[in-house]
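Architecture and fold: a report
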Amino acid sequence: MFPVLGTAYKLKELFHALYEHDSKAEAQRAAEAWLNSIPDEVERYFREASVALRSWWDEIFAYYDAPITNAYTESVNNVAKEMNRMGRGYSFDVIRARVLYDEARSDTRQTLRKKPRKAAQGLPPEWRTFTTVELAGSSETHEDQVVEYGPLLITLARLLREGHFA
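This is a predicted model, so every value here is computed, not measured. (Residues numbered from 1 in each chain as written. Predicted model: local features only at pLDDT ≥ 70, side-chain atom pairs only at ≥ 80, totals over all residues. Heavy atoms only, no water.)

1. As for the overall build of the protein chain
Just so we agree on the cut-off: Helix numbering and strand numbering both begin at the N terminus, where a helix is a DSSP run of H or I of at least 4 residues and a strand a DSSP run of E of at least 2. We call a residue buried when its accessible area falls under 20% of the maximum for its residue type, exposed when it is over 50%, and partly exposed in between, using a 1.4 Å probe and counting protein chains only. Contacts between residues were defined by any pair of non-hydrogen atoms, one from each residue, lying within 4.5 Å.
Regarding its fold elements, the protein chain presents eight helices and three strands. When its helices and strands are written in sequence order, the protein chain yields α-α-α-α-α-α-α-β-β-β-α. A buried classification covers 23% of the 166 residues belonging to the protein chain. In the protein chain, the proportion of contacts linking residues at least 24 apart, taken out of those at least 6 apart, comes to 62%.

2. Some words on the packing of helix H6 (residues 71-86) against helix H8 (residues 153-161)
As a reminder, the rule being used: Only the stretch in contact is used when a helix axis is fitted, and all axes are lines through C-alpha atoms; the angle between N-to-C directions ranges over 0 to 180 degrees. If an angle is under 35 degrees, it is roughly parallel; if it is over 145, roughly antiparallel; if it lies from 65 to 115, roughly perpendicular; otherwise it is oblique. Left-handed describes a crossing in which the near helix is turned anticlockwise from the far one by less than a right angle; the clockwise case is right-handed.
With their axes 11 Å apart at the nearest point, H6 and H8 run at an angle of 15° to one another. Our classification of the angle between H6 and H8 gives roughly parallel. By crossing handedness, the relation of H6 to H8 is classed as left-handed. Of H8, the residues touching H6 (which contributes Tyr 72, Ser 75, Val 76, Val 79, Glu 82, Met 83 and Met 86) are Leu 153, Leu 156 and Leu 160.

3. Focus: the packing of helix H2 (residues 24-36) against helix H4 (residues 47-55)
Operational definition: Residue polarity follows a fixed list, in which Ala, Val, Leu, Ile, Met, Phe, Trp, Tyr, Cys and Pro are nonpolar, Asp, Glu, Lys and Arg are charged, and the others, Gly among them, are polar.
Two elements in contact, H2 and H4, have axes whose closest approach is 11 Å; the angle formed by their N-to-C orientations is 145°. Note on packing geometry: the crossing formed by H2 with H4 is left-handed. Contacts from Ala 31, Trp 34 and Leu 35 of H2 reach H4 at Ala 49, Ser 50, Leu 53 and Arg 54. Considering only residue class, the contact of H2 with H4 consists of five nonpolar, one polar and one charged.

4. Description of a nonpolar patch on the surface
Let me state the cut-off plainly: Patch rule: a residue counts if its relative accessible area is over 30% and it has no salt bridge; like charges are joined within 9 Å, and nonpolar side chains (Val, Leu, Ile, Met, Phe, Trp, Tyr) within 5 Å. In this description, accessible areas are obtained by the Shrake-Rupley approach with a 1.4 Å probe, and a residue is regarded as covered only by the protein chains that are shown. Any carboxyl oxygen of Asp or Glu within 4 Å of a side-chain nitrogen of Lys or Arg constitutes a salt bridge here.
Side chains of Met 1, Phe 2 and Leu 5 sit close together on the surface and give an oily, nonpolar patch of about 470 Å² of accessible area. With relative accessibility at 94%, the residue Met 1 sits in the exposed group.

5. Structural notes on the pattern of salt bridges
For side chains of opposite charge, pairing can occur when their charged atoms come near one another. Taken as a whole and assessed by the stated rule, the structure comprises three salt bridges. Residues Glu 43 and Arg 47 are paired through a salt bridge, measuring 2.9 Å at the closest nitrogen-oxygen approach. With a relative accessible area of 43%, Arg 47 lands in the partly exposed category.

6. A closer look at the environment of Ser 37
The condition that has to hold: A 3.5 Å cut-off defines polar contacts: any pair of N or O atoms within that distance qualifies, except that in protein one atom must be a possible hydrogen donor and the other a possible acceptor, and neighbouring residues in sequence count only when both atoms are side-chain atoms.
In this fold, Ser 37 is placed in the loop between H2 and helix H3 (40-43). Look at Ser 37 and you get partly exposed, because its relative accessible area is 36%. Placed 26 residues apart in sequence, Ser 37 and Leu 11 show a C-alpha to C-alpha distance of 8.3 Å. Of the polar contacts made by the side chain of Ser 37, one reaches the backbone oxygen of Trp 34; its length is 2.9 Å.

7. Some thoughts on the packing of aromatic side chains
Any aromatic ring pair is given by two values, namely how distant the centres are and how the planes are angled relative to each other. As a reminder, the rule being used: Note on aromatic contacts: the rings of Phe and Tyr and the six-membered ring of Trp form a pair at centre separations within 6.5 Å, being stacked when their planes are under 30 degrees apart, edge-to-face when over 60 apart, and tilted otherwise.
Taken as a whole and assessed by the stated rule, the structure comprises six aromatic pairs. Judged by centre distance (6.5 Å) and plane angle (10°), the ring pair of Tyr 19 and Tyr 64 falls under stacked. On the criterion of sequence distance, the pair formed by Tyr 19 in the loop between helix H1 (3-16) and H2 and Tyr 64 in the loop between helix H5 (57-61) and H6 is long-range, its members being 45 residues apart. Ring plane angle 50° and centroid distance 4.7 Å describe the contact between Trp 57 and Phe 61, whose orientation is recorded as tilted.

8. Description of the nonpolar core
Quick reminder of the rule: Only buried residues count toward a nonpolar core. Its members are Ala, Val, Leu, Ile, Met, Phe, Trp, Tyr and Cys residues joined through side-chain atoms within 4.5 Å.
Ranked by internal contacts, the top residues of the largest apolar core, which has 15 residues, are Trp 34, Phe 46, Leu 53 and Phe 61. Elements that contribute at least two residues to this core include exactly H1, H2 and H5. No other element matches H2, which puts five residues into this core. Discounting chain neighbours no more than four positions away, the residues touching Trp 34 are Leu 11, Leu 14, Phe 15, Phe 46, Ala 49, Ser 50 and Leu 53. In terms of nonpolar packing, the next biggest core, distinct from the first, is built from six residues, Val 79, Ala 80, Leu 156 and Leu 160 among them.

Next comes the structure, spelled out in structure tokens:
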């Protein structure tokens, strides 16, 4: 019943499918085909997407070289922007501290063990960051390392809904 809307929908679906290709070359061919297939009647609705695709071509298709995105960073930025909208007057430092150092970080800490090493001799116990493990009569010492992966987005979203940042 609405051919222009149907055309726009098909173009949107084809655009989202660009990351579903098996190779970079295949995805680039599909992107070129997508750019060339935009009819005049809907071109104005896809102008921003097509300009961004052309402008950021190398960066967009670098995904196929290393399939890592900055989606996590963008999500944290969105949470920070939402916090800013909810509490006008916060400085950047306050917002950053609330995002990075609030209770949402506790869900993402993990302790890793490095290779065995000899026990630290002569140091006070509070200075040692080692765990001693008894193995078949000999003791090995492992250095503990706490790795922090940043705030957990699910926790940040829950805290935001609960008004924790207000």
